[in-house]
Amino acid sequence: MRTFFLEIITPEKTFFRGEVESINIPSVGGACTVMAGHQPMVFAVEPGAIRITADGKTREAFMSEGFVEVRPDETIAFSQAVEWPEDINERRAVDAKERAEEQLRRNRSAAEYRLNRVALARAFARLKVKHHNYMSGD
C-alpha cells in the first residue's frame, strides 16, 4: 500500500511524525479518511478518536479540536491536544466531563453553552479512546 508523510502537531510538541498508509480524523462535516494521493484540502477537526494506520497496524488516539492540511504527498494536523490511550488521565477526563455537565445545566449564555459543549465533547472522546481497544491488525 502506498504511504504518505503525516505530522501531527500540538502547541506543546510534535505528537506524531512518519510515513503512514492512512489516517481517519473526526471532522466537523463527518469523519475523513486520508490516503496517499488525496486531493488537497483543509478541514476543521472536532474532538474524537483518530486512527493512524502504518505498517499494516492501526492505532487509535484522542484528538481535540484543530485543523488539517492535506496535500497529495503529506498531511499536517494541528490540534490543541492529542493523546495515546495510555497517556489519558482518566480521573482528569471524568472530572472535566462532570464540570462540563454541571456548567451545561447552569446554561448562563449561548457562548458559555457552546464552550461547555466542546469541553464535554473533549472529555467524552478522551474516555472513549481510553476504554477502546486501540490496537488492531496484529
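Check the entry above for the structure.
So, here is what we can say about the structure in this document.

Parameters and conventions
- Residues numbered from 1 in each chain as written.
- Predicted model: local features only at pLDDT ≥ 70, side-chain atom pairs only at ≥ 80, totals over all residues.
- Heavy atoms only, no water.
- Helix = DSSP H or I, 4+ residues; strand = E, 2+ residues; numbered from the N terminus.
- Buried < 20%, exposed > 50% of the residue type's maximum accessible area, 1.4 Å probe, protein only.
- Contact = heavy atoms within 4.5 Å.
- Core = buried A, V, L, I, M, F, W, Y, C linked by side-chain atoms within 4.5 Å.
- Salt bridge = Lys/Arg side-chain N within 4 Å of Asp/Glu carboxyl O.

**Describing the overall build of the protein**
So, step 1. Looking only at helices and strands, the protein has two helices and eleven strands in total.
So, step 2. Listing the helices and strands of the protein from first to last along the sequence gives β-β-β-β-β-β-β-β-β-β-α-α-β.
So, step 3. Put simply, the protein has 138 residues, and 43% of those count as buried.
So, step 4. By sequence separation, contacts in the protein at least 24 residues apart represent 52% of the contacts at least 6 residues apart.

**Brief notes about the nonpolar core**
One broad rule of soluble globular proteins: the nonpolar side chains tend to lie buried together.
So, step 1. Within the largest apolar cluster, 23 residues are counted, with the highest numbers of intra-cluster contacts made by I8, I23, I50 and I52.
So, step 2. Look past the residues within four positions of I50 in its chain and what remains in contact with it is I8, I23, N24, I25, P26, R59, E60, A61, M63 and V82.
So, step 3. Counting six residues, the second largest nonpolar core, distinct from the first, contains A49, F62, I88 and A125.

**Thoughts on the side chain of S22**
So, step 1. Mapped onto the elements of the fold, S22 is located in strand β3 (residues 22–27).
So, step 2. On the basis of relative accessibility, which here comes to 13%, the residue S22 falls in the buried class.
So, step 3. Once you skip the residues sitting within four places of it in the chain, S22 turns out to touch F4, T33, V34, M35, R51, I52 and T53.

**Quick word on the pattern of salt bridges**
So, step 1. Evaluation of the coordinates by the stated rule reveals six salt bridges.
So, step 2. A salt bridge links R17 to E7, with the nearest nitrogen and oxygen atoms 3.8 Å apart. With R17 in strand β2 (residues 14–20) and E7 in strand β1 (residues 4–9), the pair connects residues that are ten residues apart, well separated along the chain.
So, step 3. Look at R17 and you get exposed, because its relative accessible area is 58%.

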